[in-house]
Amino acid sequence: MAEADSIFSQKSRLPDDTVFYSIFPDFSLSSSSSSATVTEELHNLHLQILQITSIYTKNYIFQHQPFALTPTFSPLPHLHGSLRFGDNLEDEWFVVFLLFTISKQFHYLSISVHDSDGLFLLIETAFHLPRWLNPETSTNRVFLRRGRLYILPRSIFPATPPLHGALKFLSENYDNPEVLRVTPDAVQLHLEKKITEYPERAERNMHSVRVRVPVSVAWVLKNEPCLISLAVEGFYDRDIDTMKYADKMEKFLPNGRQEELVQVVVKMSRAMYAQLTQQTFRPPKCYPGLPPISDGEAYKEAELGMKIACGFEMMYQLRKRQGEEGKGSSWDVFKETLEKSGYFEGLLPGSKEHNRLMQKAEEYYKNSSAHERASEMLNAPVERVDEILSLPHSADDFKGLQLPASDDDSWLYNGDDELNSALEERQKEMELFDLKKKRKQKMKEEGDGADYDLGEIANSMQEFMKNISSYEGAEVPESRNMKDVNFDVDRFMKDMKSVMKRPGFQNDGSDVELEEGSSSDMDFDDSEDEENEEGDDPFMHSYSEALNKELKATTLGRSFVRANDQPLKKAEGTSNASEDKNTDMDMEEDFTPVDVDVNLVKNLLDSFSSQEGLPGPASNLLGLMGLQLPQDSKKGGK
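Just so it is clear, the model here is predicted, and its values are computed rather than measured.

(A) Representation of the overall build of the protein in the model. Each helix and strand counted, the protein has 24 helices and eight strands in total. In the protein, 78% of the contacts between residues at least 6 apart in sequence involve partners at least 24 apart. For the protein, the computed accessible surface area is about 37600 Å², with 49% contributed by carbon and sulfur atoms.

(B) Main features of the packing of helix α8 (residues 215-223) against helix α12 (residues 296-322). Closest axis-to-axis distance for the α8/α12 pair is 10 Å, and the angle between their directions is 80°. It follows that α8 is roughly perpendicular to α12 by the angle criterion. Of the residues in α12, those in contact with Val 217, Val 220 and Leu 221 of α8 are Ile 308, Ala 309 and Phe 312. In terms of residue class, the contact of α8 with α12 is built from six nonpolar, no polar and no charged.

(C) Structural detail: a nonpolar patch on the surface. Residues Met 540, Tyr 543 and Leu 547 make up a contiguous nonpolar surface patch of about 280 Å² in total accessible area. One can find Met 540 in helix α21 (residues 538-552). Accessibility expressed as a relative area gives 42% for Met 540, which makes it partly exposed.

(D) Structural context of the pairing of strand β1 (residues 18-25). Of all eight residues in β1, eight are buried; the element is thus mostly enclosed. Neither face of β1 is open: one carries Thr 18, Phe 20, Ser 22 and Phe 24, the other Val 19, Tyr 21, Ile 23 and Pro 25, and all of them are buried. By the bridge criterion, six bridges tie β1 to strand β3 (residues 78-84) in an arrangement that is antiparallel. When the sheet's bridge partners are listed, Thr 18 is paired in β3 with Arg 84.

(E) Fine view of the packing of aromatic side chains. Summed over the entire model, instances satisfying the criterion amount to 16 aromatic pairs. The ring of Tyr 150 carries Arg 148 above its face, with NZ or CZ at 5.2 Å from the centroid. Seen from the ring of Phe 235, Arg 238 lies directly overhead, with NZ or CZ sitting 4.4 Å from the centre.

(F) Looking closely at a positive patch on the surface. A cluster of like positive charges, contributed by Lys 244, Lys 248, Lys 320 and Arg 321, occupies part of the molecular surface. In this fold, Arg 321 is placed in helix α12.

(G) Up close: a negative patch on the surface. Among the surface-exposed residues, Asp 16, Asp 17, Asp 87, Asp 117, Asp 237, Asp 239 and Asp 241 lie close enough to one another that they form a single negatively charged patch. Secondary-structure assignment places Asp 87 in the loop between β3 and α2 (89-105).

(H) Spotlight on the nonpolar core. The biggest cluster of nonpolar side chains holds 97 residues, and the ones touching the most others in it are Phe 67, Leu 99 and Phe 312. For Phe 67, the contacting residues outside a window of four places in its chain are Tyr 21, Thr 53, Phe 62, Leu 83, Val 95, Leu 98, Leu 99 and Ile 102. The next biggest cluster of nonpolar side chains, apart from the first, holds 14 residues, and it includes Leu 29, Phe 143, Phe 157 and Tyr 174.

(I) The arrangement of the environment of Ala 68 in detail. Topologically, Ala 68 is positioned in the loop between α1 (35-57) and β2 (70-72). Here the alpha-carbon distance between Ala 68 and Thr 53, two residues 15 residues apart in the chain, equals 9.6 Å. In contact with Ala 68, other than residues within four places in its own chain, are Tyr 21, His 80, Gly 81, Glu 372 and Ser 375.

(J) How the structure looks around the environment of Ala 166. Within the secondary structure, Ala 166 sits in helix α4 (residues 163-173). Judged by relative accessible area, which is 0%, Ala 166 ranks as buried. The spatial distance from the C-alpha of Ala 166 to the C-alpha of Leu 152 is 7.7 Å, given a sequence separation of 14 residues. Each residue touching Ala 166, except ones within four places of it in the same chain, is listed here: Asn 140, Phe 143, Leu 152, Phe 157 and Pro 161.

(K) Representation of α2 within the structure. The end-to-end C-alpha distance of α2, which contains 17 residues, comes to 25 Å, matching closely the 24 Å that a straight helix rising 1.5 Å per residue would cover. In terms of burial, α2 is largely enclosed, as 14 of its 17 residues are buried.

(L) Molecular detail of the pattern of salt bridges. Within the structure shown, the criterion is met by 15 salt bridges. Glu 172 is the partner of Lys 168 in a salt bridge, and the nearest nitrogen-oxygen pair spans 3.7 Å. In this pair, Lys 168 and Glu 172 are both assigned in helix α4, four residues apart and thus about one turn of the helix distant. Overall, the relative accessible area of 36% leaves Lys 168 in the partly exposed class. Taken together, the salt bridges that share partners define one network made up of Glu 40, Glu 353 and Arg 356.

(M) Looking closely at the environment of Phe 143. Note on placement: Phe 143 falls in strand β5 (residues 142-145). When its relative accessible area of 1% is taken as the criterion, Phe 143 is described as buried.

(N) Structural context of the packing of helix α11 (residues 270-277) against α12. For the pair α11 and α12, the least separation of the axes is 10 Å and the interaxial angle reads 100°. With respect to α12, the element α11 is oriented roughly perpendicular. Counting all contacts with α11, which are made through Tyr 273, Leu 276 and Thr 277, the residues of α12 involved are Lys 300, Leu 304, Lys 307 and Ile 308. By residue class, the composition of the contact of α11 with α12 is four nonpolar, one polar and two charged.

(O) Representation of unusual backbone geometry in the model. Ser 74 connects to Pro 75 through a cis peptide bond whose omega is 0°. Position of Pro 75 relative to the elements: it lies in the loop between β2 and β3. Tyr 198 connects to Pro 199 through a cis peptide bond whose omega is 5°. Checked against the element boundaries, Pro 199 lands in the loop between α6 (185-195) and α7 (200-204). At Asn 140, a residue that is not glycine, the phi angle is positive and equals roughly 55°. With respect to the helices and strands, Asn 140 occurs in the loop between α3 (120-124) and β5. The phi torsion at Met 249 lies on the positive side, around 50°, for a residue other than glycine. Relative to the assigned elements, Met 249 resides in the loop between α10 (240-248) and β8 (261-269).

The rules behind each value
Residues numbered from 1 in each chain as written. Predicted model: local features only at pLDDT ≥ 70, side-chain atom pairs only at ≥ 80, totals over all residues. Heavy atoms only, no water. Helix = DSSP H or I, 4+ residues; strand = E, 2+ residues; numbered from the N terminus. Contact = heavy atoms within 4.5 Å. Areas by Shrake-Rupley, 256 points an atom, 1.4 Å probe, with all protein chains shown as cover. Axes fitted to C-alpha atoms, helices over the stretch in contact; angles between N-to-C directions. Parallel < 35°, antiparallel > 145°, perpendicular 65-115°, else oblique. Nonpolar A, V, L, I, M, F, W, Y, C, P; charged D, E, K, R; others polar. Patch = residues over 30% accessible without salt bridge, like charges linked within 9 Å, V, L, I, M, F, W, Y side chains within 5 Å. Salt bridge = Lys/Arg side-chain N within 4 Å of Asp/Glu carboxyl O. Buried < 20%, exposed > 50% of the residue type's maximum accessible area, 1.4 Å probe, protein only. Pairing = 2+ DSSP bridges. Phe/Tyr/Trp six-rings, centres within 6.5 Å; stacked < 30°, edge-to-face > 60°. Lys NZ or Arg CZ within 6 Å of the ring centre and 35° of its normal. Lys, Arg positive; Asp, Glu negative; His and termini not counted. Charge placed at Lys NZ, Arg CZ, Asp CG, Glu CD. Core = buried A, V, L, I, M, F, W, Y, C linked by side-chain atoms within 4.5 Å. Expected span 1.5 Å × (residues − 1).

This is the structure in structure tokens:
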């Protein structure tokens, strides 16, 4: 898949402080289902998810926009959404909690989530991740499924996996031990610890406060409490142009200073409350007079209500003049999306099947709009505010009410305890990470009591030879400036065999001047390379005899460790090279099966030890395979 198709590509155009999430059902990976069938299944899934999430979101006030999902058909049919959390990081983690909850309820879903900074779940657990995982290697590799985080193994996808291939693999191998092993348990535990604080933490993030506001503002908040987020946004993001609207207060103070203020309880997030209280703002000249500062609680309520009222005015006038309300949320736009996705499958309008599909689409649109009413309203607040204020209302509607007291806001001034606790927890992670790193370094320097798996060396070498080596040679890091070497193996072997077959070549183990009369352009019959029916190749037979005679006079055979820990048997007659009749028996006895893995590890360790801490072939090769051995502190001892 092209890089542009990646849902994890970090683009500079992404909005800041925004979390993006995509839900991929397994049925969208099938190519046998029709577009109408997949669309209906996607719509049904959407409604089921909204029913589950609404339990947690109905009383939650998001900073800028509520949790929402939209059916999308590119690059695959899936549900997609984004949420701008701004200064309220709690919104982002609340979304993560919702996604984990969804993945636990529907086992056939794979979910991706990232924000403007990238895969923030990996950033959160950075001290526990595999070394090879980084922003470049994590594309299309990290998903939520069945309530846990999955990292697709590099052994299956050495390069960036295509989205469809990654989802298909995960849907078929989510319970594969090799796949489960890639994500360290520490990552799962860290995320679970974070998620289990919700939804209780989300409830604690809400702050209720009594304020005194104009009747029009009180009436709007009574009918649509979630609009407080837009009012706070309008106040906090004000500029010179929008402040001009607050000077006049045309919409929410129709009677100017004569407007009566009423007392109401407003629910908002702690971040919103902090944004309102921590900024100094003088009331407009047209605004009703505030109680004296000496009247502490009354003044605080009136001042906070004034900021909310001004925020409503600035938001309303700005949205009204922009004239961009409702774009992308109407039925016409939704129907156009269905047509582009192939939902109607070319059916003629008015036909029986077309009418059935249209009825299904209308029913889904109606139900989904009811669940996502807050999202629709926040996209068109001007229209909704006009509707609310057109209804009869007066100050009498808010008199004689028993209002609860404001929530304790000591957290705003004593929040350093929670911050210090978070910093201490992160510091402990860093210290534990550094401790593990120092332990590895100490084992490397001392080599005493080192805890490493020798079997891993053999396994890594096998993987190295299996997955990386090829006829072109072994791969090396891209940072090295290596030139390609052209080497014709077939031609080299033919030339060697031709030289060895030259008249005068003696199989006595003596040195032969191969350069004399040799030529890389020598002609020969290709049929000479083929063995006869009995498998008796004269060249190989003579070469084997010569090699055996050379080895018989050495102790090389005794240097190998035998299979099943068999001791090497001493060969009788090795001192007498002329006893040809015993050659076959001796060589058969000498060359009993060799334990390849043990010999590989032994030779690598011997080579590593002989380097005495200096760079060398053994340490370089082991380093390329991601293995580090401690230095041998017992030189001279066996």
